[in-house]
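Summary of structural features
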Amino acid sequence: MTTPDSDSLLAEQLLRLTRRVHRIQRRHLQQSGLGVTPAQARLLRTLAHCDSPPRMADLAAWLEVVPRAVTTLVDGLEASGLARRAPDPVNRRVIRIELTEDGRKALRELRGARVSAAEEILDPLTTLEREVLSGLLDALVGGGAVDHEPGREPQGEPERQGEPGRERGHTC
């Protein structure tokens, strides 16, 4: 049984972990030398999951930010050559955002930085502890029923969590 005090402690631990994750990811991003902010990295990942180039308004909705924030992010990515604005082939009033080849290359490097950050964060945990944590996180982020128990392999491939567009059922 949980108490208000234990829930408060858990909430504080989650907030501290979230801050630590952000700090470590930011450091790994800086070490990558790409000059990409965490918000720009998130936008790049979102673009990578789209079947076709999205509109700015779609990106704002998927990222849950105001359209002006997306404009600023796209400006930065465009200046770096990682994304570009392109006219919609059907409606020339609509502008779509697409990854460039340099953007795809940057995504591969960013993935390496994210993996390194995750390894650093998870390093103190045993394999069994990682499995337990994975199940708990699935439950907390809305992954539904946990399909596996500690020490047992998951059945099938669960929906990938934390990917832009997937957490709310969006597809680009």
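Everything below is about the structure printed above this text.
The paragraphs below set out a description of the structure included in this document.

Definitions and limits used
- Counting of residues starts from 1 at the beginning of each chain's written sequence and follows it residue by residue.
- Whole-chain, interface and lining totals are the exception, using all residues; otherwise, since this is a predicted model, local features are given only for residues with pLDDT of at least 70 and side-chain atom pairs are given and counted only at 80 or more.
- Think of the side-chain values as coming from all heavy atoms in the structure, minus any hydrogens and water.
- A patch consists of residues whose relative accessible area exceeds 30% and which take part in no salt bridge; residues with like charges are grouped when within 9 Å of each other, and nonpolar side chains (Val, Leu, Ile, Met, Phe, Trp, Tyr) when within 5 Å.
- Values of accessible area rely on a 1.4 Å probe in the Shrake-Rupley scheme; residue burial ignores everything except the protein chains shown.
- We define a salt bridge as a side-chain nitrogen of Lys or Arg found within 4 Å of a carboxyl oxygen belonging to Asp or Glu.
- Accessible area is worked out with a 1.4 Å probe on protein chains only. A residue is then buried under 20% of its type maximum, exposed over 50%, and partly exposed in between.
- Under the DSSP-based scheme used, a helix requires at least four consecutive residues in state H or I and a strand at least two consecutive residues in state E, with every element numbered from the N terminus.
- Contact definition: two residues touch when any of their heavy atoms are within 4.5 Å.
- Put simply, a nonpolar core is a bunch of buried Ala, Val, Leu, Ile, Met, Phe, Trp, Tyr and Cys residues held in one set by side-chain atoms that sit within 4.5 Å of each other.
- Axis definition: a line fitted to C-alpha atoms, limited for helices to the stretch in contact. Angles are taken between N-to-C directions and run from 0 to 180 degrees.
- The labels follow the angle: roughly parallel below 35 degrees, roughly antiparallel above 145, roughly perpendicular from 65 to 115, and oblique for the rest.
- Three classes are used: nonpolar for Ala, Val, Leu, Ile, Met, Phe, Trp, Tyr, Cys and Pro, charged for Asp, Glu, Lys and Arg, and polar for all others, with Gly counted as polar.
- In summary, the charge assignment counts Lys and Arg as positive and Asp and Glu as negative, without counting His or the chain termini.
- Where a charge lies is defined by one atom per residue type, namely NZ (Lys), CZ (Arg), CG (Asp) and CD (Glu).
- As used in this structure description, the phrase polar contact means that two N or O atoms lie within 3.5 Å; if the pair is within protein, one of them must be able to donate a hydrogen and the other to accept it, and residues adjacent in sequence are counted only when both atoms belong to side chains.

A surface patch of nonpolar side chains, amounting to about 380 Å² of accessible area, comprises L14, L137, L140 and V141. Exposure remark for L14: the relative accessible area of 45% places this residue in the partly exposed category.

Judged by how many residues are buried, helix α3 (residues 56-63) sits mostly within the fold: six of eight residues are covered. Those residues of α3 lying buried are M56, D58, L59, A60, W62 and L63. Close packing links the buried residues of α3 with α2 (38-48), α4 (67-79), β1 (83-87) and β2 (95-99). Phi for E64, located one or two positions after α3, is positive at around 60 degrees.

The biggest cluster of nonpolar side chains holds 23 residues, and the ones touching the most others in it are L43, L44, L47, L59, V70 and I97. For this core, the elements supplying multiple residues, two or more each, are α2, α3, α4, β2 and α5 (101-122). By residue number, the principal contributor to this core is α3, which donates five residues. If near-sequence neighbours (up to four positions away) are discounted, L43 is found in contact with L59, L63, L73, V74 and L77.

Before going further, it helps to examine the packing of α3 against α4. For the pair α3 and α4, interaxial distance at closest approach is 8 Å and the crossing angle is 110 degrees. With respect to α4, the element α3 is oriented roughly perpendicular. Across the interface between the two elements, M56, L59, A60 and L63 of α3 pack against P67, V70, T71 and V74 of α4. For the contact of α3 with α4, a count of residues per class yields seven nonpolar, one polar and no charged.

Now for a positive patch on the surface. The grouping of R16, R19, R20, R23 and R26 at the surface amounts to a positive patch. Mapped onto the elements, R26 comes out in helix α1 (residues 4-32).

The full count for this structure, using the stated rule, is six salt bridges. Put simply, R55 and D58 hold a salt bridge, and the shortest N to O gap is 2.8 Å. By sharing partners, the salt bridges in this structure join D75, E78 and R85 into a single network.

Moving on, we come to the side chain of T100. Considering the arrangement of structural elements, one finds T100 in the loop between β2 and α5. Taking relative accessible area as the criterion, T100 reaches 9% and is therefore assigned buried. Separated by 2.5 Å, the side chain of T100 and the backbone oxygen of G81 make a polar contact. When near neighbours in sequence (up to four residues on either side) are disregarded, T100 contacts G81, L82, A83 and R84.

Taken by themselves, the reported measurements are silent on function.
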